[in-house]
Amino acid sequence: MRNICFASALFSAVFLLAVHGSSVDACADDWTYMDDRSSPQKLVESYYFAISNRYYAQAYGYFKPDSAPGDFEAWSSGYAKTKSVTVKFGSTAPDPGAGQIYWALPVVIEAMQTDGKTLVYSGCYKIHMSNPGMQTDPPYKPMAIDSASLKETNASFKDAKPGSC
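Now for a description of the structure that goes with this document. Every chain begins its residue count from 1, and numbering advances along the sequence as written. The model is predicted, so local features are restricted to residues of pLDDT at least 70 and side-chain atom pairs to those at 80 or more, both for listing and for counting; the totals for chains, interfaces and linings are taken over all residues. Excluded from the side-chain calculation are hydrogens and water; included are all heavy atoms of the structure.

**A few points about the side chain of Thr 82**
Note the following rule: The helix count covers DSSP runs of H or I at least four residues long, the strand count covers runs of E at least two residues long, and both are numbered beginning at the N terminus. Each residue is placed in one exposure class: buried if its accessible area under a 1.4 Å probe, protein chains only, is under 20% of its type's maximum, exposed if it is over 50%, and partly exposed if it falls in between. Contacts were defined at the residue level, with two residues in contact if any of their heavy atoms lie within 4.5 Å.
Within the fold, Thr 82 resides in strand β1 (residues 82-89). Its relative accessible area of 6% is what places Thr 82 among the buried residues. Non-local contacts of Thr 82, meaning those with residues more than four positions away in its chain, are made with Ile 51, Arg 54, Met 112, Gln 113 and Thr 114.

**Some details on the nonpolar core**
Our working definition: Grouping buried Ala, Val, Leu, Ile, Met, Phe, Trp, Tyr and Cys residues that are joined through side-chain atoms within 4.5 Å yields what is termed a nonpolar core.
Counting 27 residues, the largest nonpolar core has Tyr 47, Tyr 48, Ile 51, Trp 75, Tyr 125, Ile 127 and Ile 145 as the members making the most contacts within it. For this core, the element with the most residues is helix α3 (residues 40-52), which contributes seven residues.

**Looking at the pairing of strand β3 (residues 100-113)**
This is how the line gets drawn: In short, DSSP must find at least two bridges between two strands for them to pair.
Here β1 runs beside β3; their pairing, made up of seven bridges, is antiparallel. Looking at β3, one finds that Phe 89 is bridged to Val 107. Summarising the sheet, strand β2 (residues 95-97) and β3 pair through three bridges and their orientation is antiparallel. Bridging across to β3, Pro 96 finds its partner in Ile 101. Remark: two residues form the turn of the hairpin made by β2 and β3, two consecutive strands paired antiparallel; Ala 98 in that turn has positive phi of roughly 50°. Where β3 and strand β4 (residues 118-130) come together, 13 bridges link them in antiparallel fashion. Bridging from a neighbouring strand, Trp 103 pairs with Ile 127 of β4. Connecting β3 to the next strand, β4, in antiparallel fashion are four residues, including Gly 116 with a positive phi near 95°.

Here's what the structure looks like:
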């Protein structure tokens, strides 16, 4: 009989489960992985994929180094009761200037808790990227989360709409 963690390592199946709100338990031989910084939406999806799989070091790595929460242990323990996260987005457009590109990305998230309770939050992610063509010295600085501001809402995930940032 195959180990259930090994069987769940098919990336496409796990990705679909994570994006649609189902969770997959993380374990040492589970090779599922998502790390996509090709757009603000993909960055935030990757962040919540990591949170849903308890890959907290990976999720923490999506913040700009000078913008990351100060205490990793306190930050990660804040997700201890989170079983899975589903996210939907509002519209965003790049705001370039002086070699820097920023996005204000409206979101609504649904956080399924380990006790079965569902929490819904809405807010905004500020995403930053230095113009790749202007980065000439290593290390390369990829697209990253500059800040996040989310508030719990009483609306259901189905009815909640991402606002504007």
